[in-house]
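# Close look at the chain arrangement
These are the residues of each chain, in order.
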Amino acid sequence: MIPFELSEPTSLAAAVKLLNPDDPTIRPIAGGTALMLMMKAGVFNPEKLISLRKIESKYSSISADASGLKIGAMTALGMLERSADVKKVTPLISRTLRTLSNVRVRNVATVGGALAHGDPHMDLPPVLMALGAVMTVVGPNGERKLPVEELFAGYYETVLEKNELIAEVHVPAQGTRKGAYFKVTTGSADDWPALGVAAVIEADGKTVKNARIVASAATDKATRLKATEALINGKTVTDALLKEAGEAAVAESEFIADVRGSVPYKRELMKVYVRRAINGALEGKDGLH
Ligand SMILES: Cc1cc2nc3c(=O)[nH]c(=O)nc-3n(C[C@H](O)[C@H](O)[C@H](O)COP(=O)(O)OP(=O)(O)OC[C@H]3O[C@@H](n4cnc5c(N)ncnc54)[C@H](O)[C@@H]3O)c2cc1C
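These remarks concern the structure in this document. (Residues numbered from 1 in each chain as written. Predicted model: local features only at pLDDT ≥ 70, side-chain atom pairs only at ≥ 80, totals over all residues. Heavy atoms only, no water.)

This part is about the sheet that holds strand β7 (residues 142–147). Across the sheet, which stays open at both edges, the 5 strands sit in the order β4-β5-β10-β6-β7 with antiparallel pairing between neighbours. Each end of this open sheet is capped by a strand with a single partner; those strands are β4 (62–65) and β7. Adjacent strand axes in the sheet meet at a mean angle of 20°, parallel and antiparallel pairs treated alike. The pairing of strand β6 (residues 134–139) with β7 spans 6 bridges and is antiparallel. For Gly139, the partnering residue across the bridge sits in β7 and is Gly142. (Pairing = 2+ DSSP bridges. Helix = DSSP H or I, 4+ residues; strand = E, 2+ residues; numbered from the N terminus. Axes fitted to C-alpha atoms, helices over the stretch in contact; angles between N-to-C directions.)

Look at helix α11 (residues 263–283): 29 Å from first C-alpha to last across 21 residues, which is about the 30 Å you get at 1.5 Å a residue. Burial in α11 covers these residues: Lys266, Leu269, Met270, Tyr273, Val274, Ala277, Ile278, Gly280, Ala281 and Leu282. Looking at the packing, one finds that the buried side of α11 touches β11 (178–184), β12 (195–204), β13 (207–216), α9 (226–232) and α10 (239–252). Its side-chain oxygen placed 3.2 Å from the backbone nitrogen of Tyr265, Ser262 serves as the N-cap of α11. The positive-phi residue at the C-terminal boundary of α11 is Gly284, with phi of around 70°. (Expected span 1.5 Å × (residues − 1). Buried < 20%, exposed > 50% of the residue type's maximum accessible area, 1.4 Å probe, protein only. Contact = heavy atoms within 4.5 Å. Polar contact = N/O pair within 3.5 Å; in protein donor to acceptor, adjacent residues only side chain to side chain.)

Below, the discussion takes up the nonpolar core. Core analysis: the biggest nonpolar cluster contains 37 residues, and Leu80, Ile93, Leu115, Met135 and Val171 have the highest contact counts within it. Top contributing element to this core by residue count: helix α8 (residues 124–131), with 6 residues. Setting aside chain neighbours within four positions, we find Leu115 in contact with Pro125, Leu128, Met135, Val148, Leu151, Phe152, Thr158, Ile166 and Val169. Ala180, Ala199, Ile201 and Leu231 belong to the second-largest nonpolar core, a separate cluster that totals 31 residues. (Core = buried A, V, L, I, M, F, W, Y, C linked by side-chain atoms within 4.5 Å.)

To continue, consider the pairing of strand β10 (residues 165–172). Extensive coverage of β10 is indicated by the burial of 6 of its 8 residues. Note that β6 and β10 share 5 bridges and pair antiparallel. Within the sheet, the bridge partner assigned to Thr136 lies in β10 and is Glu168.

A word on the packing of aromatic side chains. Following the criterion strictly, the structure yields 2 aromatic pairs and no others. Ring plane angle 85° and centroid distance 5.0 Å describe the contact between Tyr155 and Tyr156, whose orientation is recorded as edge-to-face. Looking at Tyr155, the relative accessible area reads 41%, which means it is partly exposed. Ring centres of Phe182 and Tyr273 lie 6.2 Å apart, and the angle between their planes is 50°; this geometry places the pair in the tilted category. Separated by 91 residues along the polypeptide, Phe182 in strand β11 and Tyr273 in helix α11 bring together distant segments of the chain. On the basis of relative accessible area, Tyr273 is assigned to the buried category, the value being 9%. Geometry around Phe44 places Arg27 over its ring, the cationic atom sitting 4.4 Å from the centre. Of note, Arg276 hangs over the ring of Tyr273, and the distance from its end group to the ring centre comes to 5.0 Å. (Phe/Tyr/Trp six-rings, centres within 6.5 Å; stacked < 30°, edge-to-face > 60°. Lys NZ or Arg CZ within 6 Å of the ring centre and 35° of its normal.)

Structure follows, in structure tokens:
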């Protein structure tokens, strides 16, 4: 590893000032679980890292009100997992975290890092997208709101400027919406997924009023499956409709091959697991495979 400079600003505003929109060798570092691996592998050689560990403590906290959750970007994934507020307001997030990597990683990795890294294999982004979460992003000209579903531009690419930081994430309360996340791994349950499918559905019995379905890991970025959503919205779920939904999801997805599976394999997974995720949401059951 080559030497680099480390700055530890004590406010988010000061951290933003230390970033340079034109210099990709200056990067923020949160938990460091992704960045350090890239540095050890020689994929990323920073000049300077801006640590976010000492910024205001409100960015490491979770609060809940009637509208939902406010989660600071520096909140560790383990805190989300154990939070009583998260369990109550968005139970789908608590359930998802149980198999997001292992406890050591979850205790260090942060919500901001899980989003900003732009890795399509992450478990949290599809779930936050399906729930309709919106981030507050801070840059030199102030703050802007950015829905998580608009964050990803491609494989490991986001729309964030190099001098912008994710400050917080607002997650609307799950309320009466039913949700499921299906993580399909080819190794242990907490391995990286070959496919992730999140479904959050407002329903009257088996009749879908409004569905948000997001696929990740098999695709180059976490992606809302809008044609599939449109297909099931307003309809009563039957085996025939679920089969059509699986086929619609395959038709609208851009697949990638990786060490966890070829494109043909992931197409077959998508067909099956979109069906299971819709059914799982309606029945309140997640799935791990
Ligand atoms: C062994 C192992 C197994 C894993 N398994 C899984 C898994 O099964 N599922 C899963 O979802 N994930 C998994 N992960 C990934 C893990 O979730 C990510 O590494 C982690 O979420 C990144 O968060 P971090 O705080 O450590 O980010 P860092 O490594 O600090 O940063 C990651 C990127 O985000 C940027 N960044 C960080 N914070 C901000 C911010 N607030 N604003 C803007 N940019 C920011 C950094 O500059 C960097 O580019 C695994 C990781 C490891 C090491």
